[in-house]
Amino acid sequence: MRPMRRLTATTASIALATAGLIAATGSTAHATTTSTTATCSQAYLPRPDSSCQPGALNPNVTQANIHSTICVGGYSSSIRPSTSYTNALKVKQIAEYGYTDTSTADYEEDHLIALSLGGNPTSPQNLWPEPRCQAGGSTAGDKDTVEYKLYKAVCADTIQLAPAQHAIATDWTTALAAVGIN
């Protein structure tokens, strides 16, 4: 198990170095940015800055095919991007948000529109470094609960896919009320 973690970290470091986002010295990598000014605002927490992450949809998921895509067990894990991809993106986006805590373990590279709701698996517009700790009164676990309730309602044909996607992308903290789920 440890060699796999080292490989993932090494792969992420190579990707970041290639993108010019880290400088490696010996066996230690240091995050760098080209600007000291954050390009995404933390003011919206616990939500992402919609100018940076407005959400993005998976074009392969439609209302007509939900029972053969998102509502099939294992669907989300079958399209989930690799950790080498999400870890590299997480480091880049932590810098874009100007977070003072740059420990990647303190963030979940979260899909704003969950994969289980037809969110795009790899678009940086749909992935953001969501703090694991309480931020803005909510935690990443709170968002997971909202995603699951929306997913269950969509797959039970209680609500349509598009309104669920719109509600969670607009404001996940009010998404359930927006579509009439208690």
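Just so you know, these numbers come straight off a predicted model, no measurement behind them.

Asks: It is not clear to me how the packing of aromatic side chains should be interpreted in this structure. Could you clarify?
Replies: Each aromatic ring pair is characterised by the separation of its centres together with the angle its planes make. Throughout the structure, instances matching the rule amount to 4 aromatic pairs. Here Tyr 97 and Tyr 99 contribute two aromatic rings whose centre-to-centre distance is 5.5 Å and whose plane-to-plane angle is 10°, an arrangement assigned as stacked. The residues Tyr 97 and Tyr 99 share a single accessibility class, namely buried. Among the aromatic residues, ring-to-ring pairing joins Tyr 97, Tyr 99, Tyr 107 and Trp 128 into one connected group.

Asks: Whenever I open this one, the pairing of strand E3 (residues 107-111) confuses me. Can you help?
Replies: The side chains of a regular strand alternate between both faces of the sheet. Of all 5 residues that make up E3, 5 are buried, and the element is covered over most of its length. On E3, burial covers both faces: Tyr 107, Glu 109 and His 111 on one face and Glu 108 and Asp 110 on the other are all buried. Of the pairings in the sheet, the one linking E3 to strand E4 (residues 127-131) comprises 5 bridges and is antiparallel in character. If you follow Tyr 107 over to E4, its bridge partner there is Pro 131.

Asks: I tried to follow the pattern of salt bridges on my own but got confused; where do I start?
Replies: Note on pairing: side chains with opposite charge can pair once their charged atoms come close. As enumerated under the stated definition, the model contains 5 salt bridges in all. In this structure, Asp 110 engages Lys 143 in a salt bridge whose closest nitrogen and oxygen atoms are separated by 2.8 Å. Of this pair, Asp 110 sits in strand E3 while Lys 143 sits in helix H4 (residues 140-155), and the two are 33 residues apart along the sequence. Judged by its relative accessible area of 4%, Asp 110 falls in the buried class. Glu 147 is the salt-bridge partner of Lys 143, the closest N and O atoms lying 2.3 Å from each other. In this pair, Lys 143 and Glu 147 both sit in helix H4, 4 residues apart, roughly one turn of the helix. Exposure class is identical for Lys 143 and Glu 147. Each is buried. A single salt-bridge network, built from bridges that share partners, covers Asp 110, Lys 143 and Glu 147.

Asks: Looking at this structure, I do not really get the nonpolar core. What am I missing?
Replies: Side chains that are nonpolar tend, in soluble globular proteins, to be buried together. In terms of nonpolar packing, the biggest core is built from 24 residues, with Ile 70, Leu 117, Leu 150, Val 154, Ile 159 and Ile 168 touching the most fellow members. Those elements giving two or more residues to this core turn out to be H4, helix H5 (161-171) and helix H6 (175-178). For this core, the element with the most residues is H4, which contributes 6 residues. Those residues within four positions of Ile 168 in sequence are excluded, and the remaining contacts are Leu 112, Ile 113, Leu 117, Lys 143, Val 146, Glu 147, Leu 150 and Ala 175.

Asks: Help me understand unusual backbone geometry in this model?
Replies: Only a minority of non-glycine residues have a phi that is not negative, and only a minority of peptide bonds are not trans. Residue Pro 46 is reached from Leu 45 by a cis peptide bond, and omega for that bond is 20°. With respect to the secondary-structure elements, Pro 46 resides in the loop between strand E2 (28-31) and helix H2 (75-79). Unlike most non-glycine residues, Asp 157 shows phi in positive territory, near 60°. Positionally, Asp 157 belongs in the loop between H4 and H5.

Scoring rules and cut-offs
- Residues numbered from 1 in each chain as written.
- Predicted model: local features only at pLDDT ≥ 70, side-chain atom pairs only at ≥ 80, totals over all residues.
- Heavy atoms only, no water.
- Phe/Tyr/Trp six-rings, centres within 6.5 Å; stacked < 30°, edge-to-face > 60°.
- Buried < 20%, exposed > 50% of the residue type's maximum accessible area, 1.4 Å probe, protein only.
- Helix = DSSP H or I, 4+ residues; strand = E, 2+ residues; numbered from the N terminus.
- Pairing = 2+ DSSP bridges.
- Salt bridge = Lys/Arg side-chain N within 4 Å of Asp/Glu carboxyl O.
- Core = buried A, V, L, I, M, F, W, Y, C linked by side-chain atoms within 4.5 Å.
- Contact = heavy atoms within 4.5 Å.

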